[in-house]
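Results of the structural survey
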Amino acid sequence: MHRSAAIPATALALILAGCGSKAEAPVEQIVVRQPGQAAAPAPAAAAPAAGDLVAAGKAAFAVCAACHSVEPGGASGIAPNLHGVVGRAAGTLAGFTYSKAMTGSGITWSEAELQAFLANPSAKVPGTAMAAGQVADPQRRAAIAAYLASLKN
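Read on for a plain summary of the structure. (Residues numbered from 1 in each chain as written. Predicted model: local features only at pLDDT ≥ 70, side-chain atom pairs only at ≥ 80, totals over all residues. Heavy atoms only, no water.)

1. Overview of the overall build of the protein chain
Regarding its fold elements, the protein chain presents six helices and zero strands. Starting at the N terminus and walking to the C terminus, you meet the elements of the protein chain as α-α-α-α-α-α. Burial analysis of the protein chain (153 residues in total) assigns 25% to the buried set. By sequence separation, contacts in the protein chain at least 24 residues apart represent 37% of the contacts at least 6 residues apart. Split by element, the accessible area of the protein chain, about 10600 Å² in all, is 61% carbon and sulfur. (Helix = DSSP H or I, 4+ residues; strand = E, 2+ residues; numbered from the N terminus. Buried < 20%, exposed > 50% of the residue type's maximum accessible area, 1.4 Å probe, protein only. Contact = heavy atoms within 4.5 Å. Areas by Shrake-Rupley, 256 points an atom, 1.4 Å probe, with all protein chains shown as cover.)

Shown next, in the form of structure tokens:
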């Protein structure tokens, strides 16, 4: 083998050797308690950091982007632009024609209102023109709402 070919081959071998680290064996835990004593509650999962929630919301919003834009000053399409939606009264974005149900809803969008709407749009605003959008997963709804809240004017 030529010397010039041996150096890249050796480097590749070293890189691949580093990828094969051994995983540690799982540790078995045994919890002992007295008969009749209630089991200790499982530790709660840590809440995601705000930045992680916004990033997850941005990814989850990709489906919504088929109808909604979020660019500052961007045009509305099939559905209204949602940039700056948190704090805005429902049905008031200039240049978009809303359903009577939405303009008469009396909602001012907050993260909580967005989550309730995304859980079941037609239950939150009976008669809404939003045909899609029901998000069953509460964590996904929270992430989308956090993402929309991060889009401020």
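2. As for helix 6 (residues 138-150)
A rise of 1.5 Å per residue sets the reference length of helix 6, with its 13 residues, at 18 Å; its end C-alpha atoms lie 18 Å apart and thus fit the reference within 8%. Along helix 6, the residues that are buried comprise Arg 141, Ala 142, Ala 143, Ile 144, Ala 145, Ala 146, Tyr 147, Leu 148 and Ala 149. (Expected span 1.5 Å × (residues − 1).)

3. With respect to the packing of helix 4 (residues 111-119) against helix 6
Helix 6 packs onto helix 4 with a crossing angle of 135° between their chain directions and a minimal axis gap of 9 Å. In terms of orientation, helix 4 lies oblique with respect to helix 6. For the pair helix 4 and helix 6, the sense of crossing is right-handed. From helix 4, Glu 111, Leu 114, Gln 115, Leu 118 and Ala 119 reach across to helix 6, where they touch Pro 138, Arg 141, Ala 142, Ile 144, Ala 145, Ala 146, Leu 148 and Ala 149. Looking at side-chain class alone, the contact of helix 4 with helix 6 contains ten nonpolar, one polar and two charged residues. (Axes fitted to C-alpha atoms, helices over the stretch in contact; angles between N-to-C directions. Parallel < 35°, antiparallel > 145°, perpendicular 65-115°, else oblique. Left-handed = near helix turned anticlockwise from the far one by under 90°. Nonpolar A, V, L, I, M, F, W, Y, C, P; charged D, E, K, R; others polar.)

4. Let's talk about the nonpolar core
Grouped together as the largest cluster of nonpolar side chains are 21 residues, with contacts concentrated most on Phe 61, Val 70, Met 102, Trp 109, Ile 144 and Leu 148. Breaking this core down by element, the ones donating at least two residues are helix 2 (50-61), helix 4 and helix 6. If one sorts the elements of this core by residue count, helix 6 sits on top with four residues. Beyond its immediate chain neighbours, meaning those up to four positions away, Met 102 contacts Ala 90, Gly 91, Trp 109, Phe 117, Val 125 and Thr 128. (Core = buried A, V, L, I, M, F, W, Y, C linked by side-chain atoms within 4.5 Å.)

5. As for the environment of Gly 57
Within the secondary structure, Gly 57 sits in helix 2. With a relative accessible area of 0%, Gly 57 lands in the buried category. Not counting the four nearest positions on each side in its chain, Gly 57 is found in contact with Ala 143, Ile 144 and Tyr 147.

Such coordinate-based values are descriptive only and should not be taken to indicate function.
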